[in-house]
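Fold and geometry: a report
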Amino acid sequence: LHPSDIDGLIRRAREEDELPFWAYLWPASIGIARCLCSEDEPSLPIARCLPPTVLELGCGVGLAGIVAATLGMNVIQTDLVPNALRFARVNARRNGVEIPGFVGDWRAMGLNGRFDVILGSDVLYEPKLHPALMRIMHNHLAPEGRVLISDPCRVYALQFMALLEDKGWRVSVQDAPAFPADDTSVLIYSATPPPTGREMTTGESHDSTER
C-alpha cells in the first residue's frame, strides 16, 4: 500500500525535506527485499544472529523491513516522515507482522542501541547526508554487525563506499536478484566495520554534516 496521488504530495511540499521520496516503492527496496529472502545468497549475514536486530533507515512504505520481520528478525523502522511510518505500519500488519517505528532525522538521530544489521534502500542519493549516515553507522552498528544498502547504480553510492574503505571498512557488492520484467539494475552493498582500534572516531567527518 502506498499513496496514489504522489503528484499532489509533491505540490504540497514547501521545502526539500517534505518531498515525498518515501511514497514510492523504489526498485532498490524491491532489490534488497529479494536479496534478504534469497536462499541462494550465503554472503548475507542474516543467519549468524538468531534473531538478529535490524535497523532500517528511510523505510518509506516499509517493504525491506517487512521482509526482514517475516524472516524472524527484530526490526525497527525509521523515517523522517511520520506518514511514511503510518503506511509502513499498515503494510506490516497486512503481512502479519508488527514493527515499531521511530521518527528520526539522520542529522540528529535520537535513537539508542546497536543493531546486528542496518538496512537502507536508495539512501545514498544526497551526498551532503553521507556524514550523517556514517555517524549513524558508527553509533548504532554492533561491533560484528553489517550494513546492507541497495542502490540503483548511483555514482554517489560508489563514492560513499570508497570513503568507507578508506576508513578501514570491508565492502563488497553484488547484483540484486532480478525478475525478467526489471528495467532498473540494483546493486547490494555489504559493509562491515574495521577491526577494533581502527574504528572511526565520533568526531571524524562530522564537521561537514549539514543541519
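Residues numbered from 1 in each chain as written. Predicted model: local features only at pLDDT ≥ 70, side-chain atom pairs only at ≥ 80, totals over all residues. Heavy atoms only, no water.

Looking at the overall build of the chain
Broken down by element type, the chain carries six helices and seven strands. Element order for the chain, N to C, with α for helix and β for strand: α-α-β-α-β-α-β-β-α-β-α-β-β. A burial count over the chain gives 47% of its 211 residues as buried. Taking the intrachain contacts of the chain between residues at least 6 apart in sequence as the baseline, contacts between residues at least 24 apart amount to 71%. Accessible surface, the chain: about 11000 Å² in total, of which carbon and sulfur atoms supply 51%. (Helix = DSSP H or I, 4+ residues; strand = E, 2+ residues; numbered from the N terminus. Buried < 20%, exposed > 50% of the residue type's maximum accessible area, 1.4 Å probe, protein only. Contact = heavy atoms within 4.5 Å. Areas by Shrake-Rupley, 256 points an atom, 1.4 Å probe, with all protein chains shown as cover.)

Section: the side chain of serine 190
Along the chain, serine 190 falls in strand S7 (residues 187–192). At 3.2 Å, the side chain of serine 190 and the side chain of arginine 146 are in polar contact. Aside from chain neighbours lying at most four places away, what touches serine 190 is Arg146, Val147, Leu148, Arg170, Val171 and Ser172. (Polar contact = N/O pair within 3.5 Å; in protein donor to acceptor, adjacent residues only side chain to side chain.)

Quick word on a nonpolar patch on the surface
The grouping of Phe21, Tyr24, Trp26 and Tyr125 at the surface amounts to a nonpolar patch, some 340 Å² of accessible area in total. For tryptophan 26, the location among the structural elements is in the loop between helix H1 (6–12) and helix H2 (27–36). Here tryptophan 26 falls in the partly exposed class, since its relative accessible area comes to 30%. (Patch = residues over 30% accessible without salt bridge, like charges linked within 9 Å, V, L, I, M, F, W, Y side chains within 5 Å. Salt bridge = Lys/Arg side-chain N within 4 Å of Asp/Glu carboxyl O.)

Some words on the packing of aromatic side chains
Per the counting criterion, the structure on display carries one aromatic pair. Taking 4.8 Å as the distance between ring centres and 35° as the angle between the ring planes, the aromatic pair formed by tyrosine 24 and tryptophan 26 counts as tilted. (Phe/Tyr/Trp six-rings, centres within 6.5 Å; stacked < 30°, edge-to-face > 60°.)

Focus on unusual backbone geometry
Although it is not a glycine, aspartate 122 sits at a positive phi angle of roughly 55°. Along the polypeptide, aspartate 122 turns up in the loop between strand S4 (115–121) and helix H5 (130–140). When its relative accessible area of 9% is taken as the criterion, aspartate 122 is described as buried. Phi is positive for cysteine 153, which is not a glycine, with a value near 65°. Checked against the element boundaries, cysteine 153 lands in the loop between strand S5 (141–151) and helix H6 (155–166).

Details of the packing of H5 against H6
Viewed as axis vectors pointing N to C, H5 and H6 meet at an angle of 45°, and their least axial separation amounts to 11 Å. Taken together, the axes of H5 and H6 lie oblique to each other. Seen from above, H5 lies across H6 with right-handed handedness. Contact with H5, carried on its side by His130, Leu133, Met134 and Met137, involves Tyr156, Phe160, Leu163 and Leu164 of H6 and no other residues of that element. Residue composition of the contact of H5 with H6, grouped by class: seven nonpolar, one polar and no charged. (Axes fitted to C-alpha atoms, helices over the stretch in contact; angles between N-to-C directions. Parallel < 35°, antiparallel > 145°, perpendicular 65-115°, else oblique. Left-handed = near helix turned anticlockwise from the far one by under 90°. Nonpolar A, V, L, I, M, F, W, Y, C, P; charged D, E, K, R; others polar.)

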